[in-house]
Each structure stands twice: as structure tokens, then as C-alpha cells.
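# Topology and contacts: notes
These are the residues of each chain, in order.
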Number of protein chains: 2
Amino acid sequence: MLKLFHHHSSCALASLITLSETGADFEAISVDLAGGEQLENEYLKINPKGRVPALVTDQGILTETPAILLYLAQTFPDANLAPLDDHFALAQVQSINSYLCSTLHINHAHLRRSYRWADQQSSYDDMAKKVPETMSASFDLIEREMFKGPWVMGDDYTICDPYLFTISRWREGDGVPPDRHPIIEQHVQRMNERPAVAKVLPQ
Amino acid sequence: MLKLFHHHSSCALASLITLSETGADFEAISVDLAGGEQLENEYLKINPKGRVPALVTDQGILTETPAILLYLAQTFPDANLAPLDDHFALAQVQSINSYLCSTLHINHAHLRRSYRWADQQSSYDDMAKKVPETMSASFDLIEREMFKGPWVMGDDYTICDPYLFTISRWREGDGVPPDRHPIIEQHVQRMNERPAVAKVLPQ
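Now for a quick tour of the structure. Small disclaimer: the values here were computed from a predicted structure and weren't measured. Within any chain, residue numbers begin from 1 and follow the written order of that chain's sequence. For naming, the first written chain is A and the first written ligand is 1, with later ones following in the order written. The model is predicted, so local features are restricted to residues of pLDDT at least 70 and side-chain atom pairs to those at 80 or more, both for listing and for counting; the totals for chains, interfaces and linings are taken over all residues. As a rule here, side-chain values come from all non-hydrogen atoms in the structure, and water together with hydrogens is ignored.

### Here's the deal with the overall build of chain A
Here a helix means four or more residues in a row that DSSP labels H or I, a strand means two or more in a row labelled E, and each is numbered from the N terminus. Each helix and strand counted, chain A has eight helices and four strands in total. In chain A, the succession of α and β elements from N to C terminus is β-α-β-α-β-β-α-α-α-α-α-α. C-alpha atoms define the radius of gyration in this analysis, and the globule rule sets the expected value at 2.2 Å times the number of residues to the power 0.38. A globule of 203 residues ought to have a C-alpha radius of gyration of about 17 Å, and chain A, at 17 Å, matches this closely. In terms of overall dimensions, chain A has a C-alpha envelope of 50 × 45 × 35 Å along the principal axes. The 203 residues of chain A split such that 56% are buried. Whether two residues touch is decided by their heavy atoms; if any such pair falls within 4.5 Å, the residues are in contact. Nonlocal contacts in chain A, meaning residues at least 24 apart in sequence, comprise 64% of its contacts between residues at least 6 apart. In this description, accessible areas are obtained by the Shrake-Rupley approach with a 1.4 Å probe, and a residue is regarded as covered only by the protein chains that are shown. Carbon and sulfur atoms provide 47% of the accessible area of chain A, an area that totals close to 8700 Å². For the exposure calls, accessible area comes from a 1.4 Å probe over protein chains only, and a residue counts as buried if that area is under 20% of its type's maximum, exposed if over 50%, partly exposed in between.

This is how it looks when you write it as C-alpha cells:
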């Protein structure tokens with residue numbers, strides 16, 4: 001049985017929702033990120049990067065959201081979570097998920113994880129101040145250039161949707177004005193209505 | 001015919017090498033990053049993000065390295081650039097490429113692109129100072145936990161190899177001691193010996 005190490009507040013929510021969408025049996029283990037459990041030896045044996053998500057499969061452990069989502073889409077083809085037979089469309093899915101991972105998540109991380117890239121408090125303050133600007137600009141680009149509607153990739157729900165939804169939930173904390181991105185806001189509502197999402201969201 | 005917008009100094013080198021490995025005809029167009037060509041209107045029509053790489057295909061334009069590399073591997077299966085029939089192994093490939101994209105490339109970007117996340121010169125200086133530490137730690141993890149040898153994924157050359165090679169070439173500029181990572185250094189030499197690599201590297 002698949003086992004996911006995650007936390008609701010983290011990007012691992014995207015993997016949790018995708019597991020829920022597959023309909024497969026799985027075990028979800030919440031890692032106490034605030035308490036530093038991800039940096040303890042026991043967890044570092046699962047993921048030496050000290051991060052969530054980590055998906056434990058019969059063949060080994062997978063990390064990194066875009067990889068886990070692709071794995072789930074390919075392993076559960078009946079769930080129709082990605083255009084598996086269309087190389088170009090699948091690459092578009094991976095392109096959006098790569099942008100979410102390497103641009104939006106990184107912009108967001110400069111609010112509370114800026115110690116990863118600097119040592120001075122003045123730098124942390126400077127970085128935190130810029131987060132509303134960088135996150136707003138990234139969501140602007142998604143609304144204007146990427147989002148097809150009603151789902152990210154158009155008519156079909158894909159593994160882009162839970163990932164965008166997960167990061168969209170961070171907007172308020174990142175100082176992005178809620179009315180700036182009406183398309184994103186509608187997408188969040190649409191996601192909230194999915195049974196597979198409601199099932200795993202914290203009450 | 002496929003057309004790649006790239007620059008040798010950028011992560012787009014990974015896509016250029018992979019195109020070269022496929023044996024397909026393609027056109028490579030170098031974008032003058034130092035001169036700011038990537039931010040001019042003409043290029044923004046190709047990639048609104050103002051970055052390289054961008055791969056122009058008959059079906060549309062693809063951006064983001066992990067997506068382009070997967071697309072090339074799937075479109076040219078005879079080139080054997082990824083374990084296409086093994087979902088777990090393919091996810092491992094995507095996991096490594098996702099780590100390169102969202103951790104190593106991001107660490108590197110804090111040297112000369114720190115204006116993306118902060119506004120003060122003192123922050124830029126602070127970030128630049130930390131780059132040797134973050135890049136060294138990331139390469140440590142790759143050597144210790146990820147690299148199987150002789151290629152990244154083991155016996156078979158995959159789309160992880162040109163991407164790791166591309167970022168390994170940045171070590172000197174990022175202040176990573178060259179003798180700290182003997183496995184990475186051997187991998188760079190092994191890559192340099194590939195005809196498809198020599199063909200596209202700047203002389």
C-alpha cells in the first residue's frame with residue numbers, strides 16, 4: 001500500500017489530493033514540520049532532503065511533487081489525471097508543474113524559509129517584503145498565459161489542478177490581494193467542491 | 001523542425017545537448033541574455049516568462065527544462081534517453097530533474113539573480129556569500145544519495161545526465177571547491193567525451 005509523508009500546510013497537499021483522486025488505498029502520515037520532525041534521523045532515512053512529500057512505494061521512495069504526481073497519474077491511468085498518450089500535452093502538464101515548483105513555491109519560500117539563501121536578519125526582512133510582489137506577478141502570469149479553464153489544462157482535470165490549488169491556498173499568507181486573481185479564486189472554489197479534495201482537507 | 005531558443009551559459013544547455021543526443025534535425029538560436037534580448041517583446045511572444053529554454057514544436061512551444069527533456073525522451077524513444085516503460089524509474093528521473101531545477105538552479109540563481117527575491121544591495125551581498133555553501137551542500141547530497149554511476153541513474157544514460165552536467169559546469173563560478181566532488185568531476189569528464197555533447201559545446 002502506498003504511504004505518503006506530508007503536511008497540509010506544505011506542497012505535499014498536492015500529492016495527498018492526487019492520491020485521494022486515484023481511489024487507491026493509501027496511508028497518510030502527517031510530519032510535524034513546526035516541531036522539526038522532518039530533520040530527525042528517522043525521517044532523514046526516508047527523505048535525506050528533510051522535506052515533504054515523500055511517497056513510499058513497493059519499488060522504493062519518491063520525492064519531489066512533479067515526480068510523485070506524474071507517477072500517480074501513470075500508475076492509475078483509469079483515474080485520468082494526465083494526458084498520458086499525448087507527449088506534447090503531457091509535457092505541457094509537466095511544464096506548468098515545473099513552474100509551480102521552481103518559481104511559485106520558491107517565491108513563497110522567501111517569506112519564512114529565506115535562511116536557506118542568506119544569513120542576515122536584514123536580508124530576511126527585505127525578502128519577506130518582496131513576497132507579495134513576486135507571488136502576485138507569478139499568479140498574474142498563470143491567469144494571463146497558462147490557465148485554460150475550467151481546469152488548468154482546459155476541459156480535463158489533471159495533476160496540475162491539485163498543485164495549483166495547493167499553492168493558491170498560500171496567497172493570503174503571502175500578501176496577494178484575494179480579488180486580484182478571479183480565475184484562480186474560481187478554481188479554488190471548484191477544487192473545494194471535489195469529493196476527493198474535501199475528503200483530505202483539514203476540517 | 002524543432003527550434004530551440006537557448007544560451008550556453010544557461011540551463012538551456014541541457015535541452016541543447018538532449019536535442020543533439022536524439023539525432024534529429026533542429027535549429028538552435030542563441031538568445032543574447034547579457035544584452036536582455038529575452039525581455040524584448042519579440043522574445044516574450046515566444047516565452048512570456050522571458051527565460052530560456054523555449055522549444056518550438058509543430059504543436060506549440062514548450063518551456064521549463066524538466067518538461068522539455070521528458071518531451072524529447074518520449075518523442076525520440078529510439079534514442080533511449082529515459083526508462084519510458086517503467087513508471088517508477090521514470091518518476092525517479094523526474095525527481096532528480098525536479099531537484100536540479102528547484103534546488104540547485106535556485107541556489108545558483110542567488111549569486112547573480114538575487115534581485116528576483118530582494119531589493120537591497122546588502123541582501124544581494126549576503127545571498128552571494130552563501131552560494132558556495134548551498135551549492136556545495138546540494139552537490140554533497142547528489143554524490144552521497146542520488147548518483148548511481150557511471151551515469152546519474154546507473155548503467156543507462158538518461159535525461160538526468162545533460163541536466164546535471166549543465167549545472168556541474170557552474171561549480172567554479174559558484175565557489176564550489178573542484179576537488180570536493182570527485183564523482184561529479186568524473187561525470188563531467190564522461191559527458192565531455194560524448195560526441196553529441198562535444199558537437200554543441202562552445203569551442
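### Describing the pairing of strand β4 (residues 60-63) of chain B
Residues and elements named next belong to chain B. One bridge is not enough; two strands pair if DSSP finds at least two bridges between them. Sheet topology note: the strand β3 (residues 54-57)/β4 ladder contains four bridges and is antiparallel. Bridge pairing links Val 56 to Ile 61 in β4. What sits between the antiparallel neighbours β3 and β4 is a turn of two residues.

### Here's the deal with the nonpolar core
A general feature of soluble globular proteins is that nonpolar side chains tend to end up buried together. Within the largest apolar cluster, 104 residues are counted, with the highest numbers of intra-cluster contacts made by Leu 55 and Ile 142 of chain A together with Leu 55 and Ile 142 of chain B. Residues within four places of Leu 55 of chain B in sequence aside, it is in contact with Leu 2, Lys 3, Leu 4, Leu 19, Gly 60, Ile 61, Leu 62, Ile 68, Tyr 71 and Leu 72 of chain B. As used in this record, nonpolar core signifies buried Ala, Val, Leu, Ile, Met, Phe, Trp, Tyr and Cys residues forming a set joined through side-chain atoms within 4.5 Å.

### Quick word on the sheet that holds β3 of chain B
All names here are of chain B. Ordered in space as β2-β1-β3-β4, the four strands form an open sheet in which the pairing is mixed. Looking at strand neighbours, the two that pair on one side only are β2 (26-30) and β4, the edges of this open sheet. Recorded for the sheet is a direction-independent mean angle of 20° between the axes of neighbouring strands. To get an axis, fit a line to the C-alpha atoms, keeping to the stretch in contact for a helix; angles then go from 0 to 180 degrees between the N-to-C directions. Sitting on the sheet, helix α1 (residues 13-22) touches β1 (2-6), β2 and β3, and the angle it makes with β1 is about 155°.

### Topic: the side chain of Thr 18 of chain A
For Thr 18 of chain A, the location among the structural elements is in helix α1 (residues 13-22). Residue contacts for Thr 18 of chain A: discarding those within four places in its chain leaves Leu 69, Leu 72, Leu 81, Ile 159 and Pro 162 of chain A.

### Details of the sheet that holds strand β4 (residues 60-63) of chain A
Residues and elements named next belong to chain A. Sheet architecture is open: four strands sit in the order β2-β1-β3-β4, paired in mixed fashion. Each of the sheet's edge strands pairs with one partner strand only, and the pair in question is β2 (26-30) and β4. Across the sheet, the mean angle separating the axes of adjacent strands is 20° when strand polarity is ignored. Bridge count for strand β1 (residues 2-6) against strand β3 (residues 54-57) is three bridges, and the pairing is antiparallel. In the sheet register, Phe 5 faces β3, and the bridge partner there is Ala 54. Each of β1, β2 and β3 touches α1; the most contacted strand, β1, lies at about 155° to it.

### Observations concerning unusual backbone geometry
The peptide bond linking Gly 149 of chain A to Pro 150 of chain A adopts the cis configuration, its omega dihedral lying at -5°. Within the secondary structure, Pro 150 of chain A is located in the loop between α5 (121-146) and α6 (160-168). Even without a glycine there, the phi angle at Glu 64 of chain B is positive, about 80°. Summarising the element assignment, Glu 64 of chain B is placed in the loop between β4 and α3 (65-75). Residue classification places Glu 64 of chain B among the buried positions, given a relative accessible area of 12%. You will see that Asn 80 of chain B, though not glycine, has its phi angle at about 50°, which is positive. Within the element layout of this structure, Asn 80 of chain B appears in the loop between α3 and α4 (87-112).

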